[in-house]
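Observations on the three-dimensional arrangement
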Amino acid sequence: MTVASAIGTPQIFALVDVNNFYVSCERVFNPHLENRPVVVLSNNDGCCVARSSESREIGVKMGAPWFQLKELAQKHNIVALSSNYALYGSMSDRVMSILRDYSPNMETYSIDESFLSLNGLGGLWPSASAMGQSIRYRVRQWTGLPVCVGIGPSKTLAKLANHIAKKQPRFNGVCDLASMPSAQVDSLLANIGVNEVWGVGRRIGLQLHAAGITTIQQLRDAAPSWLRAKFGVVMERTGNELRGISCLALEEVAPPRKQIISSRSFGQLVHTLPELSESVATYMSSAAETLRRENSVCEAIQVFVQTNPFREQDPQYSKGITIPLPNVSSDTRLLVRAALFGLKRIYRPGFAYKKTGVMLIGIGPAAVQQLSLLPQHGAGDKSQRLMQVMDKLNGIYGRNTVSLFSAGSRKSWTMRRENMSPGYTTNWKDVPVAHAR
Ligand SMILES: [Mg+2]
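Residues numbered from 1 in each chain as written. Predicted model: local features only at pLDDT ≥ 70, side-chain atom pairs only at ≥ 80, totals over all residues. Heavy atoms only, no water.

**With respect to the pattern of salt bridges**
- Throughout the structure, instances matching the rule amount to 11 salt bridges.
- One salt bridge connects Asp 93 with Lys 319, and the closest N-O pair in it is separated by 3.5 Å. In this pair, Asp 93 sits in helix α5 (residues 85–100) while Lys 319 sits in strand β11 (residues 318–329), placing the two residues 226 residues apart along the sequence.
- The salt bridge partner of Asp 186 is Arg 220, with a shortest N-O separation of 2.9 Å. Note that Asp 186 is positioned in helix α8 (residues 182–190) and Arg 220 in helix α10 (residues 216–221), a separation of 34 residues in sequence. (Salt bridge = Lys/Arg side-chain N within 4 Å of Asp/Glu carboxyl O. Helix = DSSP H or I, 4+ residues; strand = E, 2+ residues; numbered from the N terminus.)

**Some words on the sheet that holds strand β2 (residues 38–41)**
- Here we have three strands laid out as an open sheet, ordered β3-β2-β4, and mixed in their pairing. The sheet terminates laterally at β3 (48–51) and β4 (79–82), the two strands that pair on one side only. Ignoring strand direction, the axes of neighbouring strands in this sheet form an average angle of 30°.
- Sheet analysis places β2 next to β3, joined by three bridges and oriented antiparallel. Bridging across to β3, Val 39 finds its partner in Arg 51. (Pairing = 2+ DSSP bridges. Axes fitted to C-alpha atoms, helices over the stretch in contact; angles between N-to-C directions.)

**Re the nonpolar core**
- The biggest cluster of nonpolar side chains holds 39 residues, and the ones touching the most others in it are Phe 21, Tyr 22, Tyr 88, Leu 99, Leu 116 and Ile 135.
- Sorting the residues of this core by element identifies β1 (13–18), α2 (21–29), β2, β4, α5, α6 (128–143), β7 (147–152) and β12 (353–361) as the ones contributing at least two each.
- Broken down by element, this core gets its largest block of residues, eight residues, from α5.
- Counting 33 residues, the second-largest nonpolar core is a separate cluster that includes Ile 260, Ile 301, Tyr 347 and Leu 360. (Core = buried A, V, L, I, M, F, W, Y, C linked by side-chain atoms within 4.5 Å. Buried < 20%, exposed > 50% of the residue type's maximum accessible area, 1.4 Å probe, protein only.)

This is the structure:
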């Protein structure tokens, strides 16, 4: 955990997020879609998974089934598009590779947003806002996509700043809470509902309201001990983050469930395709397990590889690819097959890889899976039963008791963990044994 070490050291983060990502990707290639209501639908044109701002304004709800929207669509001339995850994935990859030029420390948080650590980069720009504007301009120029940039002394504040940059046009797409006079920060925070805070969902929002906390300013100014006693340590930490005390380092918060990401840096540099394949299969297995635990399925996967940007002496390469699935699924076998297929396409020999990862895209509840007359891959009863057994065995006997052969058994690429103590309480083989004489 780096939480303790991060506390007290001043940090600065930027959150870069593409506006209405899926719809914006479509607009890049079809300008007729500008300034009119557009929605993107899930596989088989089932539900609305993305909305342009115009669609939001006329009341299209996220996740609404398309057939229920037909009337509204006719009235307002809504354009409905089928999701094109291969397009969104490759656009995402372009944005991320542009962002990598701005900071060596980056966390891809979802398909369309990334945190950048700006520590130590202050000298390169007249101000953080100037850097933000440069990011906006370059991403727009090079990909056609609109992004907003939020800057703050903690990830929670950077995320909030991004929200402000999106909602308040006077910021021109970049909001820097880190260098804003405190009176101005106060007046902003006093006028935004507490539900907009990162990690505060609807349920916790209601509890906060019941306790008299309705604005972000009130949450920020609440006593940490009171927050901890009433809502727990996570909320206490959120309060600290809002006060500008950075408690969350990069890669420390689980991404939102719109996407599932599983990715790690290797303990040592990795060169060969077989080793990369093992790691990709392993990360995908764990992502698929998470997906099933939440009773969800996904529509596409993304796999990415990356060299180490800190080793300037090495040639650098990073690439991601999105593979749409033949049908929605949460079957490890299908997801791993798709990931390895993608990996083979982006792998280039001659590079020293530092990191691989996978992302699940287009996540939706398993329950609304549509019946299809076509043969289904990694779906249906048989697949479901097999996966249930696999999850159960791994739950009882410890992680990776049952895994795909492709995930490997040597795992020489894993994180360096030579000094890790055994899983005393989580792994049967590591449970301490007492001998009596
Ligand atoms: Mg976005």
